[in-house]
Amino acid sequence: MNHRRALRAAVTVAVTGALAAAMTMTLTSTASAGTTLRASAAEKGRYFGAAVATGKLSTSVYATILNREFNSVVAENEMKWDATEPQQGRFSYTGGDRLVSHAQANGMSVRGHALLWHQQQPGWAQGMSGSALRNAAINHVTQVATHFRGKIHSWDVVNEAFADGGSGGRRDSNLQRTGNDWIEAAFRAARAADPGAKLCYNDYNTDGINAKSTGIYNMVRDFRSRGVPIDCVGFQSHLGTSLAGDYQANLQRFADLGVDVQITELDVMTGGNQANIYGAVTRACMNVSRCTGITVWGVRDCDSWRGSDNALLFDCNGNKKAAYTNVLNALNAGPAIPTDPPTDPPTDPPTDPPTDPPTVGCSASVSLNSWTGGFVATVKVTAGSAGTSGWNVGFTLPSGASVTNTWSATASGSTGTVRFTNVNYNGRLGAGQVTEFGFQGTGSASGVMPTCTAS
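Predicted model only: the values in this text are computed from it and were never measured.

Here we have four strands laid out as an open sheet, ordered E11-E12-E17-E14, and antiparallel in their pairing. Either end of the sheet is taken by a strand with one partner, and the two such strands are strand E11 (362–371) and strand E14 (402–407). The average angle at which neighbouring strand axes cross in this sheet is 25°, direction not considered. Pairing analysis gives five bridges linking E14 to strand E17 (residues 434–442), with the strands arranged antiparallel.

Here we take up the sheet that holds strand E13 (residues 391–396). The strand order across the open sheet formed by four strands is E15-E16-E13-E18, and the pairing between neighbours is antiparallel. Of all strands in the sheet, those with a lone pairing partner are strand E15 (410–412) and strand E18 (451–454), marking the two edges. Between one strand axis and the next, the sheet turns through 25° on average, direction left out of account. Direction of pairing for E13 relative to strand E16 (residues 417–421): antiparallel, over a ladder of five bridges. Paired with glycine 394 across the two strands is arginine 419, which belongs to E16.

Here the bond from histidine 113 into alanine 114 is cis, since omega is -15°, no more than 30 degrees from zero. Here alanine 114 lies in the loop between strand E3 (109–112) and strand E4 (116–117). A positive phi is found at asparagine 205, a non-glycine position, where the angle reads about 55°. For asparagine 205, a relative accessible area of 23% corresponds to the partly exposed category.

Cut-offs used in this document
Residues numbered from 1 in each chain as written. Predicted model: local features only at pLDDT ≥ 70, side-chain atom pairs only at ≥ 80, totals over all residues. Heavy atoms only, no water. Pairing = 2+ DSSP bridges. Helix = DSSP H or I, 4+ residues; strand = E, 2+ residues; numbered from the N terminus. Axes fitted to C-alpha atoms, helices over the stretch in contact; angles between N-to-C directions. Buried < 20%, exposed > 50% of the residue type's maximum accessible area, 1.4 Å probe, protein only.

Okay, here's the thing in structure tokens:
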């Protein structure tokens, strides 16, 4: 959410924020399980989070509610582009680091928000375009995600990139004008920088099945089919006095694509229906097994960007509202996220052994996501019939191309002939097993052909 903009007239407006991924939290609260939002959500394998302005952490009422009720936090503004890279190449992480430290001290996970967004760009980025902006944006993703590596549970990699209205298409922005693949490039760069973080797309006005949510659905389906690393989708859910009848069905259709879904910036206009809507949203999330958590955009009504809407779960004195009770009841009544039962080992002995001797070796194939001045390569390694205890893949890069970042492999060299060796967790492959690694670079890698050697 942009606290620096005037509040829009529509209640389902662009904001920012998000959260993702299922995890069972360690409770540090002294309250019994089920009596606070964080305890009840954690019992069901989910999180219940809040957007935080770090300047308010010194306010006693604010901090008390935050630490008691929430097991996840997201920065309102402290991790956005204008805050983290106010001058090109000069990064500032003071606010984000403070939030991470607070979360770690209070048993909370952290959601990173947001790496790329058409709003709240620093002035220097607003004045750029084309390949210069593309390279600056990818560098920003890489540097910020690398700084917070291992500390962020999930990132809003891209925020609000789809247009309102009936087209279901992309929003016109300086980022979109660098090429329609900019979102894919951002996700690949984020995976390279922090392979352990969940990577999410986040947007607003997607609370039911409509043209905008369908446009996003089609993008996610395409990404999943092509192996673009996307793990979750955030639904902001800035709501008025009603809730779309197909709210849960919309969450479910995204979950059916194999991604987690989260309610990322929930707030609801005050009035006779506020408590009911909060309860309905919570029940919808609980009924979708891949809905891994809910985040409200703020702590108390007076902390909300929505002014007099009084849109949150606590009043300014820290008192719980009727909406709080409905949410807690829905959390306690809802099902836990199911865990996959272990599969039994086969009981029958193997059939006749193969008659052909096993083949020691491996093969490699590469897919490229290229733009003017840069590329991301995803490499698939397939073991021969004897399997591997290690592998090595070589590329001869064209003149002017250079490797700048590598994940799930170790690179030897950066220009000319570059070799990539397995890391400790992906070198041993069974017969026909596949693993992937990737690298990012500058220049062009068009036409490169990998060679694979196994041991």
